[in-house]
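Architecture and fold: a report
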There are 2 protein chains.
Amino acid sequence: MENYLKCIYNLYVQNDTILLTDLADYMNVKAPSVNSMIKKLAKNGWVKYEPYKPIKITVSGKRRAAEIIRKHRLTEMFLCEMLEFRWDEVHHIAEQIEHINAPEFFERIDMLLGYPKSDPHGSPIPDKYGAITAQAYKRLSDCAKGELVTLKALNRSDESLLKLLTNKNIHLGCTLTVKEIEQYDGSITLKLSDKVYIVLSKTVCDNLMVL
Amino acid sequence: MENYLKCIYNLYVQNDTILLTDLADYMNVKAPSVNSMIKKLAKNGWVKYEPYKPIKITVSGKRRAAEIIRKHRLTEMFLCEMLEFRWDEVHHIAEQIEHINAPEFFERIDMLLGYPKSDPHGSPIPDKYGAITAQAYKRLSDCAKGELVTLKALNRSDESLLKLLTNKNIHLGCTLTVKEIEQYDGSITLKLSDKVYIVLSKTVCDNLMVL
DNA sequence: ATAATAAGTTAGACATATCTAAAAATACAA
DNA sequence: TTGTATTTTTAGATATGTCTAACTTATTAT
C-alpha cells in the first residue's frame, strides 16, 4: 500500500487525476491489481474512488505519501552524505529503507544530516508534517539561447540518466550556458566550463531543472 | 524465511537439535506454520528435515543465518554509535533493517563503525563470510564468592532486562565483585563501585556474561 | 450516431503465510 | 506393555497481493 500511495503521489504531481492504467504501467503491475488495491486505499481515505472514474489522491493521502517520500529522500541523502554512495546508487536501497517503521530512526538521520531541504537529486524533502516547499525551477529545455543557469534538480532520476550526467561531469549546482538550440530535435549545446562544450538531447534537458 | 532461519540459529546455539514446538513458541507462531516453513527451508538446503525428527540446521543454513545476524548486529551498533540510541531501543529497529537486501549498505556501515567485533549487547558480529569468533565468557551466576569480573555480554537481551540494568547503572565493561551468594534462591550481592552494592536475582545473573 | 478502441471491472486461479481442528506418530510412565 | 500425554503432520480455512481471461463502460473518430 505504501508503494501504491507513493506512486500515486508521484503521478499526481505531474497530473491532478490519475488513470488506473497509467498507475499500473508506472508500477509494473496489471490493471486488476491496481483496481483492487485502489479500493483498499479508498477505504483508508487516501484516495477518492468512484467506478470508472480516474483516481484522485486525498489530503490525508498526500500527507501519508509525503511521510514515505520523506523517508525515501532522507535515506538517499544519508547514503550519499554519510556512507558516500554515488547519486546513481542510492535509489534501490532507499526503496527498501523507506518502508521501515521507526519514526525516531528517521528523526535522528534528519538531525545528523542537519535537516536537509532536498535529496541528492535536488528533490525536496517533505518536513515531518508532510509539507513540501515548492520549487520554482524551470526545465533546461525551456531556456533560451544565451541563458546562464544553475542545475538545481532532476525531474525523474533514472539510473541511466544519472550515469549519463556523471559521465559528462554534470552535477547539481554546476552552471550551464545555453549556446545553441537545434531546431530539428531540440538538442542543446551547453558550455560547462572554460573550454568544455557538451550536447544534450531534448529528452535529457526535459529532466534537468534549473534556475 | 529469514526470520525462521535466524530463530533456528538462535536456538541451535543453545541446543544442537531443535523441536518444532520450541521454534513455534520462540517465534509466536503455531506448529503447522513452522512445519510448512521448515519444508521450504529444507528445499533451500538450510535445514535437514525428516518427518517427526527434530530440526537440524545445515552448514549453508548457518552461513545464511549469520548473514542476517550480521546485518542485525551491525545495525544495532550503528544505531547506538552513530545515531545515539540507547541499547534498549535498538532491537526493534534492527529487526526491520536486517532484512534490507543491499550488501554494499552494510559494508559501508561496517567500515564507518571501524569493523566492530561485537554489538551493543556484547554479542559477536559475524564477519562477511559468516564466521563468528567464539566468546569464552562465563555466566555471572557461575562465579564464586569473592571473584572480580568484567561484564562482557548479555545472553538474551530483552528490553526489560536492559532497562533493569540501565536503572542499576550496569553497562558493558563495568567491573563487578561477587560479595554474597544466597543459598536459598541464588540471588547475588555485587559490589559495583566504592560504596555501591546491588542485589541481582539468579535469573538476571544467568544472562550476564563475564570474564 | 455508431463502430472501433481504450479503460476499467469482475471472476476465478495461484502463491505465500498464517490459523484451527483433527489425525497420526512418538515418547513416557505406570 | 499399554495407555496417556506430547509432538508432529495433514486438511481445510482465511487473508494478502498478484495474475489471466472475459466482460462492461467510456472515449474517440469517422
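Values in this document were obtained by computation on a predicted structure and should not be read as measured data.

**What to know about the protein's contact with DNA strand D**
- Around DNA strand D, a shell composed of 19 residues is seen, among which S33 of chain A together with T21, N35, K39 and Y49 of chain B lie nearest.
- Considering the 4 Å shell around the protein, atoms of DNA strand D inside it are sugar or phosphate in 74% of instances.
- Within the side chain of Y4 of chain A, an N or O atom sits 3.0 Å from a phosphate oxygen of DNA strand D.
- If you list the elements that add at least two residues to the surface near DNA strand D, you get α3 (31–43) of chain A together with α2 (20–27) and α3 (31–43) of chain B.
- The greatest single-element share of the surface near DNA strand D, amounting to 5 residues, is contributed by α3 of chain A.
- In terms of residue class, the surface near DNA strand D is made up of 12 nonpolar, 4 polar and 3 charged.

**Concerning the sheet that holds strand β8 (residues 208–210) of chain B**
All names here are of chain B.
- Reading across from one edge, β3-β8-β4-β5-β6-β7 is the order of the 6 strands in this open sheet, with antiparallel pairing throughout. Edge strands, defined here as strands with exactly one partner in the open sheet, are β3 (138–139) and β7 (196–200).
- When strand β6 (residues 188–193) meets β7, the two strands line up antiparallel, connected through 5 bridges. Paired with T189 across the two strands is V199, which belongs to β7.

**What to know about the protein's contact with DNA strand C**
- The environment of DNA strand C is formed by 19 residues, the closest being T21, N35, K39 and Y49 of chain A together with S33 of chain B.
- Between DNA strand C and K39 of chain A there is a distance of 2.7 Å, counted from a phosphate oxygen to a side-chain nitrogen or oxygen.
- The separation between a phosphate oxygen of DNA strand C and a polar side-chain atom of Y49 of chain A is 2.5 Å.
- Among the secondary structure elements, those contributing two or more residues to the surface near DNA strand C are α2 (20–27) and α3 of chain A together with α3 of chain B.
- Broken down by element, the surface near DNA strand C gets its largest block of residues, 5 residues, from α3 of chain B.
- Grouping the amino acids of the surface near DNA strand C by side-chain chemistry returns 12 nonpolar, 4 polar and 3 charged.

**What to know about the sheet that holds strand β4 (residues 148–154) of chain A**
Residues and elements named next belong to chain A.
- With antiparallel pairing, the 6 strands of this open sheet are ordered in space as β3-β8-β4-β5-β6-β7. Strand pairing shows two members of the sheet lacking a second neighbour, β3 (138–139) and β7 (196–200), which therefore form its edges.
- Where strand β5 (residues 175–181) lies against strand β6 (residues 188–193), 4 bridges are found, and the strand directions are antiparallel. Following the sheet pairing, V178 is matched in β6 by L190.

**Description of the nonpolar core**
- Counting residues in hydrophobic clusters, the biggest one holds 34 residues, and the most contacted among them are F105 of chain A together with F105 of chain B.
- Those elements that place two or more of their residues in this core are α4 (59–81), α5 (91–97) and α6 (103–112) of chain A together with α4 (59–81), α5 (91–97) and α6 (103–112) of chain B.
- Sequence-distant contacts of F105 of chain A, defined by excluding residues within four places in its chain, comprise I97 of chain A together with F78, L79, L83, F85, I93 and I97 of chain B.

**A short note on the relation of the copies chain A and chain B**
- Here chain A sits on chain B after a turn of 180 degrees about the axis and a move of 0.0 Å along it, with an RMSD of 0.1 Å. Seen this way, the second copy is the image of the first under a two-fold rotation axis. Using C-alpha coordinates, one finds that chain A approaches the rotation axis most closely at I97 of chain A, a distance of 3.6 Å.
- Here 100% of the contact residues of chain A are again contact residues in chain B; the copies associate through an equivalent surface.

**Some details on the packing of aromatic side chains**
- If you walk through the whole model with that rule in mind, you get 5 aromatic pairs over all chains.
- Seen in terms of ring centroids, Y9 of chain A and Y12 of chain A are 5.7 Å apart; in terms of plane orientation they differ by 55 degrees. Their pairing is tilted. Linking Y9 of chain A with Y12 of chain A, this pair stays in helix α1 (residues 2–14), spanning 3 residues, or about one helical turn.
- Residue classification places Y9 of chain A among the buried residues on the basis of a relative accessible area of 12%.
- Seen in terms of ring centroids, F78 of chain A and F78 of chain B are 5.6 Å apart; in terms of plane orientation they differ by 50 degrees. Their pairing is tilted. Of this pair, F78 of chain A sits in helix α4 while F78 of chain B is found in helix α4, placing the two residues in two different chains.
- The exposure class assigned to F78 of chain A is buried, which follows from its relative accessible area of 3%.
- Sitting over the ring of F85 of chain B, R108 of chain A keeps its end group 4.2 Å from the ring centre.

**Here's the deal with the interface of chain A and chain B**
- Counting from both sides, the interface comprises 20 residues of chain A and, opposite them, 20 residues of chain B.
- Both faces considered, chain A and chain B share a buried interface measuring about 1700 Å² in area, 69% of it formed by carbon and sulfur atoms.
- Interface area lost by chain A to chain B is led by L83, F105 and R108 of chain A, which between them contribute 33%.
- Summed over the shared surface of chain A and chain B, the result is 0 salt bridges.
- On inspection of chain A and its partner chain B, the count reaches 6 residue pairs in polar contact (both at pLDDT 80 or more).
- Listed by contribution, the elements that provide at least two residues to the side of chain A that touches chain B are α4, α5 and α6 of chain A.
- Of all the elements, α6 of chain A adds the most residues to the side of chain A that touches chain B, at 5 residues.
- Of the residues that constitute the side of chain A that touches chain B, the class distribution is 12 nonpolar, 4 polar and 4 charged.

What counts as what
- All residue numbers here refer to positions counted from 1 along the written sequence of the relevant chain.
- Written order determines the labels here, with chains lettered from A and ligands numbered from 1.
- The predicted origin of the model limits local features to residues at a pLDDT of at least 70 and limits the giving and counting of side-chain atom pairs to 80 or more, whereas totals for whole chains, interfaces and linings rest on all residues.
- Derived side-chain values reflect all non-hydrogen atoms in the structure, with water molecules and hydrogen atoms excluded from consideration.
- Consider each residue's heavy atoms; a residue with any of them within 4 Å of a molecule or strand counts as near.
- Between N or O atoms, a polar contact is any pair within 3.5 Å; within protein, one atom must be a potential hydrogen donor and the other a potential acceptor, and residues adjacent in sequence are included only when both atoms are from side chains.
- Working definition: helices are DSSP H or I runs of at least four residues, strands are E runs of at least two. Numbering for both runs from the N terminus.
- Amino acids outside the nonpolar list (Ala, Val, Leu, Ile, Met, Phe, Trp, Tyr, Cys, Pro) and the charged list (Asp, Glu, Lys, Arg) are all regarded as polar, and Gly is one of them.
- A strand pair is defined by DSSP finding two or more bridges across the two strands.
- In this text, buried Ala, Val, Leu, Ile, Met, Phe, Trp, Tyr and Cys residues form a nonpolar core when linked through side-chain atoms within 4.5 Å.
- When a residue's accessible area, from a 1.4 Å probe over protein chains only, is under 20% of the maximum for its type it is buried; when over 50% it is exposed; and in between it is partly exposed.
- Every residue pair with non-hydrogen atoms within 4.5 Å of one another is taken to be in contact.
- Fitting of the copies onto one another was done by least squares over C-alpha atoms, counting residues only where both copies have pLDDT of at least 70.
- Only Phe, Tyr and Trp rings are paired, with Trp represented by its six-membered ring, and only when their centres lie within 6.5 Å; those with planes under 30 degrees apart are stacked, over 60 edge-to-face, the remainder tilted.
- Geometrically, a charge over a ring is one whose NZ (Lys) or CZ (Arg) sits within 6 Å of the ring centre while staying within 35 degrees of the ring normal.
- As used here, buried area is the combined drop in accessible area, with a 1.4 Å probe, of two parts when they are placed together.
- For salt bridges, the criterion is a side-chain nitrogen of Lys or Arg within 4 Å of an Asp or Glu carboxyl oxygen.

All quantities given are derived from atomic positions and should not be read as evidence of function.
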